[in-house]
Amino acid sequence: MDYEAIGLKAGIEIHQQLDTAEKLFCHCPTRLRDISERDGEFFRYLRATESELGEIDRAAQEEMKQVRRFSYYAYDTTCLVENDEEPPAPLNPEALMVCLTIAKMMGATPIEQVHVMRKLVIDGSNTSGFQRTALIALNGRIPAGARIETLCLEEEAAQRIHDSTFSLDRLGIPLVEITTAPDMRTPEQVKEVAAYIGMLLRSTGRVKRGIGTIRQDVNISIAGGARVEIKGVQELDLIDEVVRREVVRQQQLLLIRDELSARGAVADPAPIPVGDLFKETKSAILKKAPCILAIRLRGFAGLVGREIQPGRRLGSEMSDYAKKCGVGGIFHTDELPAYGVTEEEVSRLRTLSGADDADCVVIVAGSRQKAECAVLQVVRRAQYALDGVPEETRKMLEGGSTAYMRPLPGAARMYPETDVLPVTVTRECRDSLVVPELLTDKTGRFSATYGFDEQLARQLAYSDRLPLFERAVAEGVKPMLAARTLLATLRELKRDGVDTGALGDDCLLSVLGKVESGDLAKEAIPDVLREVASGTGVEAAVERIAPPITSDELVSIIRAILTEREEFVRERGMGALGPLMGVVMEEVRGRVDGRQISEILKNELASML
Amino acid sequence: MCCTYAGTELTGTYITSRGDHAVVKLENGYNIGVPAASIVCTGAAPAVTPAVSPVEQNPDLPGVAIISTGGTIASRIDYRTGAVTSQFSADDILRAIPGLAEIASFRAHQLATILSENMHSGLWQDIARCIYDEIRRGAEGVIVTHGTDTMSFSAAAVSFMLETPVPVIFVGSQRSADRPSSDNVMNALCSAQAAISNLGEVAVVMHASTSDDCCWIHRGTRVRKMHTSRRNAFRSIGMSPIGTVEYPSLEVSLGPAAVLRGSTEPALMDRLDDRVGLLSFYPGMDASVISAYEGFHGLVISGTGLGHVSADSIRTLSGLIRDGTNVVMTSQCLNGRVCDRVYDTGRDLLAAGVIEGEDMLPEAALMKLMWVLGTTDDPDEVTRLMQTNLRGELGRCSPHGL
């Protein structure tokens, strides 16, 4: 597809959790918990409040269509700030420093006086009903070819456990939000920029790792379409596919618009009660519904059921809008008869709502209040279809298609967080920040300095054990030994079911140190680590697995072996070295370094011959 | 206005200045502080007139008076200073809490817009008079919106100044009204329902737990704010709450201790003597602290344990009492009864003429002493009244619970 020609414009927002000791606005640890460890639960209702201008934000209004009760799990690692029962602590200076470092790496200009804002979020993910966020820096640039518009420091939201239940352990973890300008023109470029920013963030060594610790939102529009924000792309590998599918969706919506326009289509806003039609229906949902309303969409026939993205139809979009009112979804005549609704019922429905073959009839079922709300939402979405693509916030579905979440938020959702004083960022503070080496540069350096092949160098630079590797090398461990142990050996042990997570940095360093000082043969590393991982101390493990052998002992072991195999030695001469090496190694089982064995064996062989 | 910052031209709205920085609201909604010298005014910001919807009332519903004094329940952000201030009128409260208009028809009075630490005896009297007038005019209940910090002082003051046949409900909120999670809506709705209930006394209605599930109804002379910030900071001390209001059903249940509607005729006794102090004793306290109350008509002491102060302090107190100050002993323990007959210190205090405050809360005793001294200056009568239960502030038997 020629993305240039269709006017693709994309920007991304990257949210990355920071690995600070404390949360952004309280002194709780930034540790995630298992929900079985919760020690408290409470529930609240949230309601949209007016902004200072007396407006209610449109996105907040949409979430307020139903009054929702939200439950929260609390832990012994969360406090009253997460409960929204204590004013926030001052902005975490550690998080600010990490954020300013990232800004410096991107060449962005810090804001001299940082003001914390409240961003209205009433989907329940924030107990307060807002997310605290501060603009930290502006106007950066990265080599991957995108301008960085803003860097913000935000508090992470609570983790949704199911429906309206949230876990407070995640709430308040510092997040850096990086927003690029809409500079990307192809799906591949989006992926490239996201990958670069991810690499840059990891280079700081101060960000959290693992699933869910980084999330990308993508802003996409095409010529004639509209800006759509897709939230929560967690896998980088899917990001280009998400862009491709959104382009397709917008193109399809534009085609539908053109066709609707050619047909002179109208979304008739008058709902028709059709409950009587379904008194004896086989559809369980319709049969038990207290209220069923129909809406006639004139000229929409065939288009509501048309696919606009893999697995998504215009009808899916209408259904998403309707669900905001608490109904389970919609039925429409493009997909009926089905779901227990018979051909005869459909034909009576068409008659009752005055629809002809060119029209599509949509029905919603639920309580009167929910059905009335839902039917208006369907009309709203149908009217948007006449105009093309609505501006929306959408969420990613498995595979890369998306579903409607809410309208794009307006500026009415931001107001000052008055409980946190502004923070002044001085020039001295900015100048004192050390810019860390990029992981890509580190990869190059490892190749050049240590002679690692590119794959190993890269693996090491991106590994969790990178800081340990650098420490080990600084303490005199040979780079290749450190790299092999920390990557290959640990990976193999893990594959064998060893709990490598139990191997602390100090243990690993101590084992490597013993190898380096000749107290342990490198061949014994896997067995020693296996023992250490099961809870034994390093010294005890070495003693048990590979008690050191003095060179005198080694010499006598080797002499005994040679004497036993004298005939073979005489027959092969120095050529016996190779086969005998294996015999000796077997005998000492990694308690002595191979080189030392080889040296002594060579000498002893020579003297025997 | 616009300014050049970070190499680009930024446009936004000037909000205020902070030190050397101008606070500017950018178009994306963020506020930032930039050097004041870097901004250039390009025109006046468009005037903002907040959309104000009219408050519609249903005259068929019970009539309830709502008296607003300020506090968090009515707080709003001042966008110039960024501080939270009380700027709501009673009408604003009705507008902010739509469900209220479905419970009762309200008549609103705005007596003050203060934070409750600025409350004083003159305002307590204004509140009592306003409530009394409303009851005489036929109000079926009265709600007083109040900052939570000193709500228990005001509730106790009004309890003594007023005899009421209808519910007089003090209500506030712990989290500001401008946040979606504020407790103001639930507290206000529960207080309105309590105000038309079968209750007939002065009470405080606030969250019972951290969840939005229930409000407690506390007796005005037995309630205390026991946490700086939690929603359920208010607790009845020395007794159980007198009732509950479930949420969202708004079902009111009154306990056996509650005084019921119509138990008395309305009466106003609004004289207060504000030459009365409250002093918390601590070990090693310089006796001159007590001397500072010379000339006061009354002093409530929050003593240690059973109601003690140091031997030094007793000598000074003794002189104070001789010179005409009425001294009442209460306990820092808050729970339990003062008893100055167990240890020598206590007996010395009694000998000096200190009045045992029984199981009264220190703040309730303070309000009571102000009111008693407003009524009489006869020391024997003061002692008798201070030791007589007037508004449920003092119990004959101490309950088991803590």
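Predicted model only: the values in this text are computed from it and were never measured.

Engineer: Help me out: how do you make sense of the domain arrangement of chain B in this one?
Structural biologist: Assigned domains of chain B: these are domain 1 (2-43), domain 2 (63-268) and domain 3 (276-386). Put simply, the middle of domain 1 of chain B and the middle of domain 3 of chain B, counted by C-alpha atoms, are 58 Å apart.

Engineer: Can you walk me through the sheet that holds strand β23 (residues 355-356) of chain B in this structure?
Structural biologist: Hydrogen bonds between backbone groups are what pair the strands of a sheet, and the pairing can be parallel or antiparallel. Residues and elements named next belong to chain B. In space, the four strands of this open sheet follow the order β20-β21-β22-β23, with parallel pairing throughout. Of all the strands in the sheet, just β20 (276-280) and β23 have a single pairing partner and so form its edges. When β20 meets strand β21 (residues 298-303), the two strands line up parallel, connected through five bridges. Pairing of L279 across the sheet is with I301, part of β21. Lying over the sheet, helix α8 (residues 362-375) contacts β20, β21 and β22 (326-331), oriented at roughly 165 degrees with respect to β21.

Engineer: Teacher, can you tell me more about helix α12 (residues 454-461) of chain A here?
Structural biologist: It helps to recall that an α-helix has 3.6 residues per turn; residues three or four apart then point in one direction. Residue and element names in this part refer to chain A. For α12, every residue scored as buried is listed here: L456, A457, L460 and A461. Taken end-on, α12 shows its buried residues confined to a sector of 130 degrees, consistent with a single buried face. What points out from α12, more than 90 degrees from its buried face, is the exposed set E454 and Q455. Buried residues along α12 sit in contact with α11 (439-450), α13 (466-474) and α14 (479-495). The N-cap residue of α12 is D453: its side-chain oxygen and the backbone nitrogen of Q455 are 3.0 Å apart.

Engineer: What is the right way to look at the state of the cysteines in this model?
Structural biologist: Put plainly, a disulfide is one covalent bond tying together the sulfur atoms of two cysteines. All names here are of chain A. All told, the structure shown has one disulfide over all chains when counted by the stated rule. Two residues, C325 and C373, share a disulfide whose sulfurs are 2.0 Å apart. Handedness of the C325-C373 disulfide follows from its S-S torsion of about -65 degrees: it is left-handed. A residue pair is termed long-range when its members are at least 10 positions apart, and C325 in the loop between α7 (314-323) and β19 (331-332) and C373 in helix α9 (residues 368-387) qualify at 48 residues. You can call C325 buried: its relative accessible area is 3%. According to the relative accessible area criterion, C373 is partly exposed, its value standing at 21%.

Engineer: What should I look at first to understand the sheet that holds strand β3 (residues 69-74) of chain A in this one?
Structural biologist: Residue and element names in this part refer to chain A. With mixed pairing, the four strands of this open sheet are ordered in space as β2-β3-β10-β9. Looking at strand neighbours, the two that pair on one side only are β2 (40-45) and β9 (159-162), the edges of this open sheet. Across the sheet, the axes of successive neighbouring strands diverge by a mean angle of 30 degrees, strand direction being ignored. As defined by bridge partners, β9 adjoins strand β10 (residues 165-167) across three bridges and the pair is classed as antiparallel. For R160, the partnering residue across the bridge sits in β10 and is F166.

Engineer: Would you mind going over the environment of E393 of chain B with me for this structure?
Structural biologist: Residue and element names in this part refer to chain B. Topologically, E393 is positioned in the segment after α9 (379-386). Counting along the chain gives 198 residues from E393 to A195, while the straight-line C-alpha distance between them is 21 Å. With residues near it in sequence (within four places) discarded, E393 still touches F160, T221, R222, D359, M360, K368 and T388. There is a polar contact of 2.5 Å between the side chain of E393 and the backbone nitrogen of R391.

Engineer: What exactly am I supposed to notice about the pairing of strand β3 (residues 21-26) of chain B here?
Structural biologist: Looking down a regular strand, the side chains alternate between one sheet face and the other. All names here are of chain B. The buried fraction of β3 amounts to six of the six residues, a majority that puts the element mostly inside the structure. In β3, alternate side chains face the same way, and those of H21, V23 and K25 on one face and A22, V24 and L26 on the other are all buried. Here six bridges tie strand β2 (residues 8-18) to β3, and the two strands are oriented antiparallel to one another. Bridged to G12 within β3 is L26. Counting the residues between successive antiparallel strands, the hairpin from β2 to β3 contains two residues, one of them, G19, with a positive phi of roughly 60 degrees. Both β3 and strand β4 (residues 31-35) contribute to a ladder of five bridges, which runs antiparallel.

Engineer: Got a minute to help me understand the domain arrangement of chain A in this structure?
Structural biologist: How big an interface is tends to be stated in terms of accessible area lost as the parts join. According to the domain assignment, chain A contains domain 1 (9-227), domain 2 (260-389), domain 3 (439-542) and domain 4 (551-608). The centre of domain 1 of chain A, based on its C-alpha atoms, is set 37 Å off from the matching centre of domain 2 of chain A.

Engineer: When you look at the nonpolar core in this model, what are you seeing that I'm missing?
Structural biologist: Within soluble globular proteins, side chains that are nonpolar generally end up buried alongside one another. In this structure, I12, I102, L151, I197, F300 and M318 of chain A are the most contacted members of the largest nonpolar core, which totals 144 residues. Sequence-distant contacts of I197 of chain A, defined by excluding residues within four places in its chain, comprise I12, I14, M106, I142, I148, I178 and T180 of chain A. In this structure, V144, V158, F234 and L394 of chain B belong to the second largest nonpolar core, which totals 51 residues.

Engineer: What am I meant to see in the environment of P180 of chain B here?
Structural biologist: Here P180 of chain B is to be found in the loop between β12 (168-171) and α4 (184-195). The contacts of P180 of chain B, once residues within four sequence positions are left out, are Y45, L46, R47, T49, L120, I122, S128, G129, F130 and Y415 of chain A.

What counts and what doesn't
Residues numbered from 1 in each chain as written. Chains lettered and ligands numbered in written order. Predicted model: local features only at pLDDT ≥ 70, side-chain atom pairs only at ≥ 80, totals over all residues. Heavy atoms only, no water. Domains from an automatic or database assignment. Pairing = 2+ DSSP bridges. Helix = DSSP H or I, 4+ residues; strand = E, 2+ residues; numbered from the N terminus. Contact = heavy atoms within 4.5 Å. Axes fitted to C-alpha atoms, helices over the stretch in contact; angles between N-to-C directions. Buried < 20%, exposed > 50% of the residue type's maximum accessible area, 1.4 Å probe, protein only. Arc of directions from axis to C-beta. Polar contact = N/O pair within 3.5 Å; in protein donor to acceptor, adjacent residues only side chain to side chain. Disulfide = S-S within 2.5 Å. Core = buried A, V, L, I, M, F, W, Y, C linked by side-chain atoms within 4.5 Å.

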